[in-house]
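Structure assessment
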Amino acid sequence: MASNGRPRLLLPVRSRAALADLSPDFALLRAACDGYGLLGCYAYSIPDGHGRAVARMFAPSNGVPEEIANANSTTCLAAHLLDTTGAQTVAIEVEQGDTLARPASVLASARRGPAGITTRVGGVAVVRDGH
C-alpha cells in the first residue's frame with residue numbers, strides 16, 4: 001500500500017510480459033478497491049539496473065478502468081523502492097499506456113532527507129493533431 005493522497009495498492013509483477021498479459025475483472029477490482037478505500041492497483045515490473053520499468057494503473061473506482069499514465073503512483077513507487085532498498089536516492093523511468101496504444105513515460109525520483117522522503121515527478125508530453 002502507498003499513498004500521497006488516496007491509498008493505492010502497489011503490485012510487483014515478475015516480468016514485462018506478465019504485466020502485458022494482465023486482464024483484470026474490473027467489476028471485482030472496483031468492489032475490492034471500494035471495500036478497502038483504494039484509488040486502484042498500480043501493477044509494475046521490477047525496475048532494471050537502469051531504473052526502467054513498465055506499469056499499468058487500474059482505477060475503476062475512479063471511473064477509469066486503466067490510466068494511460070499515473071504520475072502519483074509512480075512517485076509512490078519511487079518512495080517505496082527508496083524505503084525498501086535503503087538507498088539515499090532512487091530514480092526511475094516508468095513506461096505506461098502501451099496496452100492502450102497511448103505510450104507514456106513518467107520520470108520519478110525519491111531522496112531521503114532530514115524531513116523524510118521527498119519525491120519529484122516529470123515527463124514529456126507530445127500533442128498530436130486529431131487525438
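The structure reproduced in this document is the subject of the present report. (Residues numbered from 1 in each chain as written. Predicted model: local features only at pLDDT ≥ 70, side-chain atom pairs only at ≥ 80, totals over all residues. Heavy atoms only, no water.)

**Things to note about the nonpolar core**
Here is the rule: Nonpolar cores were defined as sets of buried Ala, Val, Leu, Ile, Met, Phe, Trp, Tyr and Cys residues, with membership established by side-chain atoms within 4.5 Å. Remark: exposure states derive from per-residue accessible area (1.4 Å probe, protein chains only) relative to the maximum for the residue type, with buried under 20%, exposed over 50%, and partly exposed in between. Numbering of helices and strands starts at the N terminus; helices are DSSP runs of H or I of at least 4 residues and strands are runs of E of at least 2. Contacts were defined at the residue level, with two residues in contact if any of their heavy atoms lie within 4.5 Å.
By size, the foremost hydrophobic cluster in this structure holds 19 residues, and its most contacted members are L10, Y42, Y44, L77, I92 and V94. Elements with a minimum of two residues in this core: β2 (41-45), β3 (52-59), α3 (71-85), β5 (89-96) and β6 (104-113). Tallying contributions element by element places α3 first for this core, with five residues. Leaving out residues up to four positions away in the same chain, L10 has contacts with A2, Y42, Y44, S73, C76, L77 and H80. In this structure, A18, L19, C41 and F58 belong to the second largest nonpolar core, which totals 10 residues.

**Considerations on a nonpolar patch on the surface**
This is how the line gets drawn: Here, patches come from residues exposed beyond 30% relative accessible area and free of salt bridges, joined within 9 Å for like charges and within 5 Å for nonpolar side chains (Val, Leu, Ile, Met, Phe, Trp, Tyr). Areas reported as accessible are Shrake-Rupley estimates using a 1.4 Å probe. Residue values count occlusion only from the protein chains shown. The salt bridge criterion pairs a side-chain nitrogen of Lys or Arg with a carboxyl oxygen of Asp or Glu, the two atoms within 4 Å.
Judged by side-chain polarity, M1, L9 and L11 come together as a nonpolar surface patch covering roughly 280 Å² of accessible area. Looking at the element boundaries, L9 is found in strand β1 (residues 9-13).

**Some remarks on the pattern of salt bridges**
As enumerated under the stated definition, the model contains four salt bridges in all. Its salt-bridge partner being E95, residue R16 comes within 3.7 Å of it at the nearest N-O pair. Of the two residues, R16 sits in helix α1 (residues 16-21) while E95 sits in strand β5, which places them 79 residues apart along the sequence. For E95, a relative accessible area of 27% puts it in the partly exposed group. Across the pair D34 and R30 runs a salt bridge whose closest N-O atoms are separated by 3.4 Å. Of this pair, D34 and R30 both sit in helix α2 (residues 26-36), four residues apart, which is roughly one turn of the helix.

Purely geometric numbers; function is a separate question.
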